[in-house]
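These are the residues of each chain, in order.
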Amino acid sequence: MPHSAAERKAFWQIHFCVLLWGFTAILGKLITLPAQALVVWRMLLVSGYRELPVTSEHTVAVNDLPPLHKDPFDRILVAQARVEGLTLLTADKAVAKYGDGVRKV
């Protein structure tokens with residue numbers, strides 16, 4: 001068993017991920033999501049990542065965006081990034097034109 005608090009936390013996180021992988025394999029046939037995608041989602045949540053739901057504030061912020069791109073999903077992602085103070089990473093040249101809150105990779 002690990003000695004430091006950080007080692008114990010990492011130990012339990014990896015074991016929890018393995019447990020989730022096992023449950024996903026068993027229940028995967030009952031769930032319509034692909035098992036691998038479900039495992040990645042669960043591992044991200046266990047690792048401290050959080051989901052970012054679309055809120056009314058995000059949808060209102062779409063109206064403040066210039067008409068550089070017509071894809072509504074991309075526009076909501078840009079609006080979310082700006083409202084939440086996050087950086088949206090994209091490979092899409094059209095989305096990257098928004099500049100503030102968006103970085104082309």
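This text follows the structure it describes.
To keep things clear, this report deals only with the structure shown in the data block. All of these numbers come straight from a predicted model, not from anything done at the bench.

Re the environment of Ser-47
Residue position: Ser-47 is located in the loop between helix H2 (35-46) and helix H3 (56-62). The sequence separation of Ser-47 and Gln-13 amounts to 34 residues, and the corresponding C-alpha distance is 7.5 Å. At 2.8 Å, the side chain of Ser-47 and the backbone oxygen of Met-43 are in polar contact.

Brief notes about the layout of surface pockets
Taken as a whole, the largest pocket spans an internal volume of roughly 230 Å³. As for the largest pocket, its lining consists of Leu-52, Phe-73, Leu-77, Gln-80, Ala-81, Leu-86, Thr-87, Leu-88 and Leu-89. Residue assignment for the lining of the largest pocket shows that the elements contributing at least two residues are helix H4 (72-84) and strand S1 (88-90). It is H4 that contributes the most residues to the lining of the largest pocket, four residues altogether. Class assignment for the residues of the lining of the largest pocket results in seven nonpolar, two polar and no charged.

So, how was this worked out
Residues numbered from 1 in each chain as written. Predicted model: local features only at pLDDT ≥ 70, side-chain atom pairs only at ≥ 80, totals over all residues. Heavy atoms only, no water. Helix = DSSP H or I, 4+ residues; strand = E, 2+ residues; numbered from the N terminus. Polar contact = N/O pair within 3.5 Å; in protein donor to acceptor, adjacent residues only side chain to side chain. 1 Å grid on protein atoms, 1.4 Å probe; cavity = no way out; pocket = protein on both sides within 12 Å on 5 of 7 lines; lining within 4 Å. Points joined across faces, edges and corners; volume = space filled by probe spheres on them. Nonpolar A, V, L, I, M, F, W, Y, C, P; charged D, E, K, R; others polar.

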